[in-house]
Amino acid sequence: DSQYFGNLATLSYSMPKFYISSEGRDIDKNFHSMSGIGSRAGELGFLSFFSYTPTEKLYMNGQLDVFRDRLFPSLENENRWNEDLNLNATYAFNPTASGSFDCIFQNELGRLSEIRYFSPGLGFNKTFQNLKRLSTFLNYRYQHNQNFTSPGLDYENHKVTTGLRFNLAGSLYYFLRHEFN
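Residues numbered from 1 in each chain as written. Predicted model: local features only at pLDDT ≥ 70, side-chain atom pairs only at ≥ 80, totals over all residues. Heavy atoms only, no water.

What's the story with the pattern of salt bridges in this structure? I'm lost.
In the structure shown here, the tally under the stated rule is twelve salt bridges. The residue R70 makes a salt bridge to D26 at a minimum N-O spacing of 2.6 Å. In this pair, R70 sits in the loop between β6 (58-69) and β7 (82-94) while D26 sits in strand β2 (residues 18-27), placing the two residues 44 residues apart along the sequence. Here R70 falls in the partly exposed class, since its relative accessible area comes to 23%. Given a relative accessible area of 33%, D26 falls into the partly exposed group. (Salt bridge = Lys/Arg side-chain N within 4 Å of Asp/Glu carboxyl O. Helix = DSSP H or I, 4+ residues; strand = E, 2+ residues; numbered from the N terminus. Buried < 20%, exposed > 50% of the residue type's maximum accessible area, 1.4 Å probe, protein only.)

Help me understand the side chain of D84, please; the structure alone is not making it clear to me.
By the element assignment, D84 lies in strand β7. Buried and without a salt bridge, D84 has R111 as its closest oppositely charged side chain, separated by 5.6 Å. If near-sequence neighbours (up to four positions away) are discounted, D84 is found in contact with Q63, L64, D65, F67, F105, Q106, N107 and E108. (Lys, Arg positive; Asp, Glu negative; His and termini not counted. Contact = heavy atoms within 4.5 Å.)

What is the right way to read the environment of G163 from this model?
Structurally, G163 can be placed in strand β11 (residues 155-169). For the pair G163 and L138, spaced 25 residues apart in sequence, the C-alpha separation works out to 6.8 Å. Leave out the neighbours within four places in its chain, and G163 touches S135, T136, F137, L176 and R177.

Can you walk me through the side chain of E23 in this structure?
By the element assignment, E23 lies in strand β2. A distance of 3.0 Å separates polar atoms of two side chains, one belonging to E23 and the other to R40. Other than its neighbours up to four places away in sequence, E23 contacts L8, A9, T10, R40, G45, F46 and L47. (Polar contact = N/O pair within 3.5 Å; in protein donor to acceptor, adjacent residues only side chain to side chain.)

How should the sheet that holds β7 be read in this particular structure?
Hydrogen bonds between backbone atoms are what pair the strands of a sheet, whose relative direction is either parallel or antiparallel. Taking strand neighbours across the sheet as the criterion, the ten strands line up as β1-β2-β5-β6-β7-β8-β9-β10-β11-β12 in an open arrangement whose pairing is antiparallel. With one partner strand each, in any of the chains shown, β1 (6-14) and β12 (172-180) form the two edges of the open sheet. Going across the sheet, the axis of each strand differs from the next one's by a mean of 10°, ignoring polarity. Bridging between β2 and strand β5 (residues 43-52) involves nine bridges; their strand directions are antiparallel. Opposite E23, over in β5, you have L47 as the bridge partner. (Pairing = 2+ DSSP bridges. Axes fitted to C-alpha atoms, helices over the stretch in contact; angles between N-to-C directions.)

How do you make sense of the pairing of β7 when you look at a structure like this?
Note: β6 against β7, ten bridges, orientation antiparallel. Residue pairing across strands places G62 opposite L87, the latter belonging to β7. The pairing of β7 with strand β8 (residues 97-108) spans eleven bridges and is antiparallel. Along β8, the bridge assignment pairs N94 with A97. If you look at the hairpin formed by β7 and β8, you'll find two residues sitting between the two strands.

So yeah, pure geometry; function would need other evidence.
Pasting the structure below:
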(Lines give C-alpha, C1' and ligand atoms only; values in the text may rest on other atoms or scores of the structure.)
Protein backbone atom coordinates (compact mmCIF):
# COMPACT_ATOMS: atom_id res chain seq x y z
CA ASP A 1 0.00 0.00 0.00
CA SER A 2 1.61 3.26 -1.04
CA GLN A 3 -0.91 5.55 0.65
CA TYR A 4 -1.12 4.07 4.17
CA PHE A 5 1.88 2.67 6.01
CA GLY A 6 2.67 0.02 8.58
CA ASN A 7 5.83 1.03 10.44
CA LEU A 8 7.79 -1.49 12.50
CA ALA A 9 11.07 -0.98 14.32
CA THR A 10 12.75 -3.99 15.95
CA LEU A 11 15.69 -4.22 18.30
CA SER A 12 17.14 -7.40 19.81
CA TYR A 13 20.01 -8.37 22.10
CA SER A 14 21.41 -11.82 22.77
CA MET A 15 23.79 -13.35 25.28
CA PRO A 16 24.47 -17.06 25.91
CA LYS A 17 21.69 -17.42 28.53
CA PHE A 18 19.53 -14.38 27.80
CA TYR A 19 17.66 -12.98 24.81
CA ILE A 20 15.44 -9.93 24.52
CA SER A 21 13.70 -8.37 21.56
CA SER A 22 11.48 -5.34 21.32
CA GLU A 23 9.29 -4.04 18.55
CA GLY A 24 7.60 -0.68 18.17
CA ARG A 25 4.73 -0.49 15.73
CA ASP A 26 2.53 2.17 14.20
CA ILE A 27 0.23 0.61 11.64
CA ASP A 28 -2.33 2.84 9.97
CA LYS A 29 -5.91 1.61 10.38
CA ASN A 30 -6.33 1.81 6.58
CA PHE A 31 -3.16 -0.16 5.83
CA HIS A 32 -3.67 -2.99 3.31
CA SER A 33 -1.23 -5.60 2.07
CA MET A 34 -1.49 -7.54 -1.18
CA SER A 35 -3.79 -10.06 0.53
CA GLY A 36 -6.13 -7.61 2.29
CA ILE A 37 -6.18 -5.77 5.60
CA GLY A 38 -2.67 -5.74 7.07
CA SER A 39 -1.78 -7.71 10.15
CA ARG A 40 -2.47 -5.68 13.33
CA ALA A 41 -3.98 -2.85 11.25
CA GLY A 42 -4.69 0.23 13.35
CA GLU A 43 -2.36 -0.74 16.19
CA LEU A 44 0.10 1.59 17.85
CA GLY A 45 2.22 -0.22 20.38
CA PHE A 46 5.25 -1.90 21.81
CA LEU A 47 5.94 -5.65 21.99
CA SER A 48 8.79 -7.11 24.03
CA PHE A 49 9.91 -10.74 24.39
CA PHE A 50 12.56 -12.30 26.60
CA SER A 51 13.97 -15.75 27.28
CA TYR A 52 16.34 -16.60 30.10
CA THR A 53 18.05 -19.85 31.07
CA PRO A 54 19.77 -19.17 34.42
CA THR A 55 20.64 -22.87 34.93
CA GLU A 56 20.53 -26.03 32.86
CA LYS A 57 17.33 -27.01 34.69
CA LEU A 58 15.40 -23.73 34.57
CA TYR A 59 14.05 -21.98 31.47
CA MET A 60 11.89 -18.84 31.55
CA ASN A 61 10.33 -16.63 28.90
CA GLY A 62 7.77 -13.91 28.66
CA GLN A 63 6.08 -11.43 26.39
CA LEU A 64 4.55 -8.03 27.04
CA ASP A 65 2.43 -6.27 24.44
CA VAL A 66 1.14 -2.75 25.17
CA PHE A 67 -0.92 -1.25 22.36
CA ARG A 68 -3.82 0.93 21.27
CA ASP A 69 -6.39 -0.46 18.86
CA ARG A 70 -7.26 2.41 16.52
CA LEU A 71 -9.27 0.23 14.10
CA PHE A 72 -11.85 -1.00 16.63
CA PRO A 73 -11.26 1.12 19.75
CA SER A 74 -13.29 1.18 22.96
CA LEU A 75 -16.48 3.19 22.66
CA GLU A 76 -15.84 4.71 26.12
CA ASN A 77 -12.31 5.92 25.39
CA GLU A 78 -10.71 5.50 21.97
CA ASN A 79 -7.25 6.37 23.37
CA ARG A 80 -7.25 3.61 26.03
CA TRP A 81 -4.26 1.23 25.96
CA ASN A 82 -4.34 -2.58 26.11
CA GLU A 83 -1.87 -4.83 27.92
CA ASP A 84 -1.16 -8.50 27.25
CA LEU A 85 1.37 -10.34 29.45
CA ASN A 86 2.48 -13.98 29.12
CA LEU A 87 5.01 -15.58 31.48
CA ASN A 88 6.33 -19.16 31.37
CA ALA A 89 8.82 -21.14 33.45
CA THR A 90 9.88 -24.78 33.19
CA TYR A 91 12.07 -26.60 35.68
CA ALA A 92 13.60 -30.03 34.96
CA PHE A 93 13.76 -31.99 38.21
CA ASN A 94 15.70 -34.70 36.38
CA PRO A 95 15.91 -35.93 32.75
CA THR A 96 12.47 -37.59 32.98
CA ALA A 97 10.44 -35.17 35.16
CA SER A 98 9.65 -31.48 34.89
CA GLY A 99 7.34 -28.89 36.35
CA SER A 100 5.97 -25.77 34.71
CA PHE A 101 4.24 -22.53 35.57
CA ASP A 102 2.60 -20.12 33.16
CA CYS A 103 0.46 -17.06 33.51
CA ILE A 104 -1.64 -15.15 30.98
CA PHE A 105 -2.99 -11.69 31.72
CA GLN A 106 -4.96 -9.75 29.10
CA ASN A 107 -6.28 -6.33 29.98
CA GLU A 108 -7.91 -5.25 26.73
CA LEU A 109 -10.19 -2.41 27.80
CA GLY A 110 -9.12 -0.33 24.79
CA ARG A 111 -10.88 -2.56 22.25
CA LEU A 112 -14.46 -2.53 21.02
CA SER A 113 -15.09 -5.74 22.97
CA GLU A 114 -13.58 -4.89 26.36
CA ILE A 115 -12.21 -7.90 28.25
CA ARG A 116 -9.96 -8.72 31.17
CA TYR A 117 -8.64 -12.28 31.34
CA PHE A 118 -6.37 -13.88 33.94
CA SER A 119 -5.18 -17.49 33.77
CA PRO A 120 -2.30 -18.99 35.79
CA GLY A 121 -1.41 -22.67 35.42
CA LEU A 122 0.81 -25.33 36.97
CA GLY A 123 1.93 -28.58 35.37
CA PHE A 124 3.94 -31.71 36.03
CA ASN A 125 5.30 -34.13 33.39
CA LYS A 126 6.94 -37.50 33.94
CA THR A 127 8.33 -39.93 31.34
CA PHE A 128 8.91 -43.60 32.11
CA GLN A 129 11.63 -44.83 29.74
CA ASN A 130 11.22 -48.56 30.49
CA LEU A 131 7.51 -48.60 29.55
CA LYS A 132 7.67 -47.92 25.79
CA ARG A 133 8.53 -44.33 26.68
CA LEU A 134 5.27 -43.66 28.53
CA SER A 135 4.76 -39.94 29.17
CA THR A 136 2.27 -38.68 31.75
CA PHE A 137 1.10 -35.22 32.71
CA LEU A 138 -1.01 -33.45 35.29
CA ASN A 139 -1.99 -29.79 34.84
CA TYR A 140 -4.07 -27.30 36.79
CA ARG A 141 -5.38 -24.04 35.30
CA TYR A 142 -7.47 -21.25 36.78
CA GLN A 143 -9.35 -18.98 34.37
CA HIS A 144 -11.14 -15.75 35.14
CA ASN A 145 -12.74 -13.83 32.28
CA GLN A 146 -14.59 -10.51 32.52
CA ASN A 147 -16.31 -9.19 29.44
CA PHE A 148 -17.27 -5.58 30.12
CA THR A 149 -19.18 -5.26 26.84
CA SER A 150 -21.21 -8.48 27.32
CA PRO A 151 -21.25 -9.44 31.02
CA GLY A 152 -23.16 -12.62 30.18
CA LEU A 153 -19.87 -13.99 28.82
CA ASP A 154 -18.09 -13.66 32.20
CA TYR A 155 -16.82 -16.90 33.72
CA GLU A 156 -14.54 -18.41 36.30
CA ASN A 157 -13.14 -21.90 35.82
CA HIS A 158 -10.87 -24.36 37.64
CA LYS A 159 -9.55 -27.07 35.34
CA VAL A 160 -7.45 -30.18 36.01
CA THR A 161 -6.16 -32.07 32.98
CA THR A 162 -4.37 -35.40 33.17
CA GLY A 163 -3.23 -37.84 30.54
CA LEU A 164 -0.64 -40.09 29.02
CA ARG A 165 1.08 -40.80 25.74
CA PHE A 166 3.00 -43.85 24.66
CA ASN A 167 4.68 -45.15 21.57
CA LEU A 168 2.85 -47.91 19.70
CA ALA A 169 5.30 -48.36 16.80
CA GLY A 170 7.76 -46.06 15.02
CA SER A 171 6.28 -42.59 15.15
CA LEU A 172 2.76 -43.80 15.98
CA TYR A 173 1.61 -42.75 19.46
CA TYR A 174 -1.47 -43.35 21.58
CA PHE A 175 -2.88 -40.41 23.55
CA LEU A 176 -5.32 -40.49 26.43
CA ARG A 177 -6.47 -37.27 28.10
CA HIS A 178 -9.14 -36.39 30.64
CA GLU A 179 -10.27 -32.96 31.79
CA PHE A 180 -12.10 -32.10 35.01
CA ASN A 181 -13.87 -28.72 35.24
